[in-house]
Amino acid sequence: MRKRNKVSDQKNRQTETVRRIIKRVAKYRFSIFFSLLSAAVTVAASLYIPVLTGRAVDEVTGPGKVDFAGLFRILTVMGITIGVMSLFQWVMNICNNRITFGVVKDIRKEAFEKLSILPLNYIDSHSHGDTVSRVIADVDQFADGLLMGFTQFFTSAMTIIGTLVFMLTINVWITLVVVLITPLSFFVAGFIVKRTYRMFRKQSEERGKQTALINEIVGNQKVVQAFSHQDEALEEFDRINQKLEKYSMDALFFSSLTNPSTRFVNAIVYAGVGVAGAMAAIGGLLSVGQLVSFLSYATQYTKPFNEISGVVSELQNAIACAARILELIDEEPQKPDDADAVRLSLAESGGEYRTGEVLFEHVSFSYVPEKPLIEDFNLDAKPGMRIAIVGPTGCGKTTLINLLMRFYDVNTGTIRVEGYDTQRVTRKSLRASFGMVLQETWLKNGTIRENIAMGKPDASDQEIIEAAKAAHADGFIRRLRDGYDTVITGDGGSLSQGQKQLLCISRIMLCLPPMLILDEATSSIDTRTEQRIQDAFTRMMKGRTSFIVAHRLSTIRNADRILVMKSGHIVEQGTHEELLRLKGFYAGLYNAQWSGT
Amino acid sequence: MRRLFPFLTEYRKECVLAPLFKMLEAIFELFVPLVMAAIIDTGIAKRDLPYIGRMCALLFFLAAVGLASAITAQYYAARAATGFATKLRHSLFEHIGKLSFYGIDTVGSSTLITRMTSDINQAQAGVNMTLRLFLRSPFIVFGAMIMAFQINVKEALIFAVTIPVLSVIVFGIMAVTMPMYRRVQSGLDGILNTTSENLEGVRVIRAFGREEDEARRFAGQNETLADLQRAVGRISGLMNPLTLLVVNAATIVLLYSGACQVDAAVITRGELVALVNYMSQILVELVKLANLIVTISKALACADRIADVLELRTEITDGDGVLPAEPAEGVPAVEFDHVSLRYAESGEEAISDITFRAMPGETIGIIGGTGSGKSSVVNLIPRFYDATEGAVRINGADVKDCRVEEIRDKTGVVPQKAVLFKGTIAENLRWGKSDATEKEMMEALKAAQAWEFVQEKPRKLNEPVSEGGKNLSGGQRQRLTIARALIGQPGILILDDSASALDFATDAKLRAAIGKLSWKTTVFIVSQRAASVMNADRIIVMDNGRIAGTGTHEELLGSNEIYTEIYSSQFETTESAGA
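Residues numbered from 1 in each chain as written. Chains lettered and ligands numbered in written order. Predicted model: local features only at pLDDT ≥ 70, side-chain atom pairs only at ≥ 80, totals over all residues.

1. Details of the interface of chain A and chain B
- Taken residue by residue, the interface counts 129 residues in chain A and 134 residues in chain B.
- With 22 residues, helix 3 (residues 68-117) of chain A is the largest single contributor of residues to the side of chain A that touches chain B.
- Taken together, the residues of the side of chain A that touches chain B sort by class into 65 nonpolar, 45 polar and 19 charged. (Contact = placed C-beta atoms within 7 Å. Helix = DSSP H or I, 4+ residues; strand = E, 2+ residues; numbered from the N terminus. Nonpolar A, V, L, I, M, F, W, Y, C, P; charged D, E, K, R; others polar.)

2. Structural notes on the environment of Thr169(A)
Residues and elements named next belong to chain A.
- Structurally, Thr169 is set in helix 5 (residues 128-170).
- By the C-beta count within 10 Å, which is 11 here, Thr169 ends up exposed.
- Sequence separation of Thr169 and Phe253 is 84 residues, and the distance between their C-alpha atoms is 41 Å. (Buried ≥ 20, exposed ≤ 12 C-beta atoms within 10 Å, placed from the backbone.)

3. Focus on the packing of helix 9 (residues 230-255) of chain A against helix 2 (residues 49-98) of chain B
- Between helix 9 of chain A and helix 2 of chain B, whose axes approach to 9 Å, the crossing angle comes to 160°. Relative to helix 2 of chain B, the element helix 9 of chain A lies roughly antiparallel. Considering how the two elements wind past one another, helix 9 of chain A and helix 2 of chain B form a crossing that is right-handed.
- Tallied by class, the residues present in the contact of helix 9 of chain A with helix 2 of chain B amount to 10 nonpolar, nine polar and five charged. (Axes fitted to C-alpha atoms, helices over the stretch in contact; angles between N-to-C directions. Parallel < 35°, antiparallel > 145°, perpendicular 65-115°, else oblique. Left-handed = near helix turned anticlockwise from the far one by under 90°.)

4. As for the domain arrangement of chain A
- Split into domains, chain A comes out as domain 1 (1-170 + 311-332), domain 2 (172-285) and domain 3 (434-512).
- Each of domain 1 of chain A and domain 3 of chain A was reduced to a C-alpha centroid, and the two centroids are 48 Å apart. (Domains from an automatic or database assignment.)

5. A closer look at the sheet that holds strand 6 (residues 411-414) of chain B
Residue and element names in this part refer to chain B.
- Spatially, the six strands line up as an open sheet ordered 6-9-10-3-11-12, and their pairing is mixed. Each having just a single partner strand, strand 6 and strand 12 (546-551) make up the two edges of the open sheet. Adjacent strand axes in the sheet meet at a mean angle of 15°, parallel and antiparallel pairs treated alike.
- Pairing of strand 9 (residues 492-496) with strand 10 (residues 522-527), which is carried by five bridges, proceeds in the parallel orientation. Following the sheet pairing, Ile492 is matched in strand 10 by Thr522.
- Across the sheet, helix 16 (residues 474-486) lies against strand 6 and strand 9, angled at about 175° from strand 6, the strand it touches most. (Pairing = 2+ DSSP bridges.)

6. Details of the environment of Ala307(B)
Residues and elements named next belong to chain B.
- Inspection of the secondary structure assignment puts Ala307 in helix 10 (residues 269-311).
- Taking C-alpha positions, Ala307 is 9.1 Å from Arg2, a pair spaced 305 residues apart along the chain.
- The residues contacting Ala307, other than those within four sequence positions of it, are Arg3 and Leu4.

7. A look at the confidence of the model for chain A
Residue and element names in this part refer to chain A.
- Averaged over every residue, the pLDDT of chain A is 81; the share at 70 or more is 92%.
- Below a pLDDT of 50 lies the segment residues 1-7, which in the model reaches seven contacts outside its immediate sequence neighbourhood of four places, other chains included.
- Every residue in residues 347-352 is under pLDDT 50, and counting partners more than four places away or in other chains gives seven contacts. (pLDDT = per-residue confidence, 0-100.)

8. Topic: the pairing of strand 3 (residues 386-390) of chain A
Residue and element names in this part refer to chain A.
- Burial of strand 3 is extensive: five of the five residues sit out of reach of the surface.
- On strand 3, burial covers both faces: Arg386, Ala388 and Val390 on one face and Ile387 and Ile389 on the other are all buried.
- Relative to strand 10 (residues 546-549), strand 3 runs parallel, the two being bridged by four bridges. Following the sheet pairing, Ile389 is matched in strand 10 by Val549.
- Here four bridges tie strand 3 to strand 11 (residues 561-566), and the two strands are oriented parallel to one another. Bridged to Ile389 within strand 11 is Leu563.

9. Notes on the pairing of strand 6 of chain B
All names here are of chain B.
- Where burial is concerned, the two faces of strand 6 agree: the one with Thr411 and Val413 and the one with Gly412 and Val414 are both buried.
- Pairing between strand 6 and strand 9: four bridges, direction parallel. Bridge pairing links Val413 to Ile494 in strand 9.

This is the structure:
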């Protein structure tokens, strides 16, 4: 890990984050350079224009007294300045564009690639919503905040300094008037910001309550409608909605006072400059043209100050976002496959079947070190065997599957497939040799066809339909809106749990891997269809090794061997009949389930 | 956005007053250059100090009045915006309550939630911004031009030329970028979906070794998005430099021709300065307007998406017929008359030509394989969907002629997914009957085999239920949903595979209790378990959307191939266990 810097000092961590941000942005150093250069030119030019305007006005002293030659010269310079300014502003915009979207793209790519090599452990133990918002929202905010904040800070600072310099060159005393009145604007803005913060907090609290209700009611709208509960729900919704309206109103109104208030301060500065400037002009200390220049500075002098005060919080927010993204990018990835790792050929060629032997040798595993789960686990699955795993919740059934697929790695001991230690086999080839169906069906956004073809994207339509037929899914698929081209969104929408399971089984039927893992894969499918699917599996896979986790006895009883697990150990094993005769734990489970009928 | 205007009508006053006060503020702002011109022409030229003082007091006064107007404007704008959003949220929420199940299926719950939350928030921001600034800016622009005409017609013509040019630039860029921003948004949605999909489906994706393909897919989407964003950026990045160029070029022209006018004593020097000031006021407003466009175009896109949902009409409408409370003698409680259902024009029929009659008090079992159409049949009874062909009748009345709410009040449904809501157990039960007494609740719970575990909870009926009922086990949730359906003493009770999380013993007790309910009810039990339906008065066997057989358990067993197969797949085990 790169977290050598274990100094808990927050300041240091911030600097570290900034340092690493700079490293990622460095790729765009030419764009940044041009952006800053252009910004400098733009600011200088835009500040020079009021001076030129002032000088032009000074050439126009009164009727018959206009120096047209001088005026023409000034206006020519002004034209060139404007041309240069517009050009550089455009260059600056283009550069900023490149930097912002480039950085966003790079970081997102890096983050996503990290996601695909993170150990399952990370993904299982972190909220998905949080991870998604790191990859999407945080990256956006970071790029916007940092880069725009940075350029804004730069231009604002340049503007302030430039304005001061220009004003000082014209007249020191009037400059003082401007400088003295300006802090008033900070004071006003600060006062408003502090008050609105509280109101925004209240608003977001109420909004959170409302979102929770919306999630519940809209998310379960079908049940709501089934009980004609819409009116009651609406009543409750309205109650929160009214409160939210009030808090939103407060927050929106008070926060919108900032702009008019600063404009007011600006106007005071303007009036102040007007009176001081006019008096100075009478005294001959200032020309009318210079007064005009001053007035136009006065209107824009406070603006960069307000922007800078916004920039500070924006930058802080950007750094916080960056830290969250870097945290994800820094996560330790899973151990990469060894360079000389074995590729299980059955997965690669698809043709030649191996035997499908699986061996667990003294395997121990736990998710958290304090809570040992599987200890000294041994299993010898002979080729072609159907192995059923039963046991109470939390006994480690699903964990075995996690280990077989190498979603998690064993702590000690070895798992061998085809005689190879799975740690020495490429993950891809190992996983490809298992066909896995889980109870928690997962379908990707896309058509039914794409979902079935997941393991074999180049499958022909014919193959896909054959697979669906084998999984007894063809019938219901044909009845859907667009048949195989029906688009599935979200969690499968209107499909029933059983139908989703049939789709997941179709996927496996298409690839026909040499070994099978079924974790409650048929729990929502009716027993009759289930049996036919089992038959199809047996037929099509010529009796390959399979691991079946199930509650249903009809699923288990034909297994060649039943493993009865309890707290990470095998307590009994044998065939259904053998285990019943044993009158042990299995017989107990079995009787409990059936005593009702 | 136009489609959402009706939601603003109640705030007509605010919608007029906010821009009006904003304009008032703008007018005071427009006077400032005139005052300054007076200071230059009169105050400085005549060295009149008191006059300068008076003019400065006037400037201060203008600023103060401007501030007051601005605050008033902001107040009304905020009122209109929050009121608009509140009303819109209310209507959308109400509208979602009226959507048909078909509508909910096609739009998707998660989309509906987004529309209700972030989209409306964006629309609110849009209304607020529009009222505050979108009208102010054009007003200042045109106001400045009018003021210019007051000073000198010939000079003002420069304004009259400049402003249309600027409008073309601003609105042209806006017209080009708006659809692009919409595409950017959907590109962003795309990479968001891919990311969350890859987290949810991580096991399956890795099992199929698709990590690299997914990373490539993401990279592709990411690249497309970045390209699109850059393309928009290039175009919208032209806005500031171009407006700056035009305004300043106009200023140069103004200075030169103004100088000629001053030379010819047509206008004063102060007036020339005022003209220049007006030009720069136009520039400031245009820059603001340009920055606003992004916010407003986002809000417009959101408004469109909200309006799309609001325009979804439900196909299920109330009829004006009366639903008889009791069927007449000899009339079935539920009758299906050659009913077919097709979820969409193109797809095949989900169920075809279903005909059966259920007499009052009968228990009907519906059994069949996954996807055989069992649920589709019972979904037609409470009008979750409407039949494509044929008629469904309750107590002799065609359901399409009755009021939806009346039908649903008469039917108790226990859905497949056991959904409970945040609150207490009692509150959840009251969904079925809003004025249920404690005794009624107890009875319903007892029949649903739930009283035992409810009684063991520390606060019994008032035990809190967390969101989605997560603090209860699957079996407990399911039993509570059954009690919820029973409590209203419905004439028709539909159990849609609702005992799947129950063990066989509880399931049996539940069925026995339902058989002995104190009121007369027609029960539909949908199940995959032969044991759940074997005691029904009649069993309907479904296969591929059609009725494959009807009869009692004894009649079907042996004679109906499908039923026999289902039965034996589940009961052979028991027999061998007994052996």
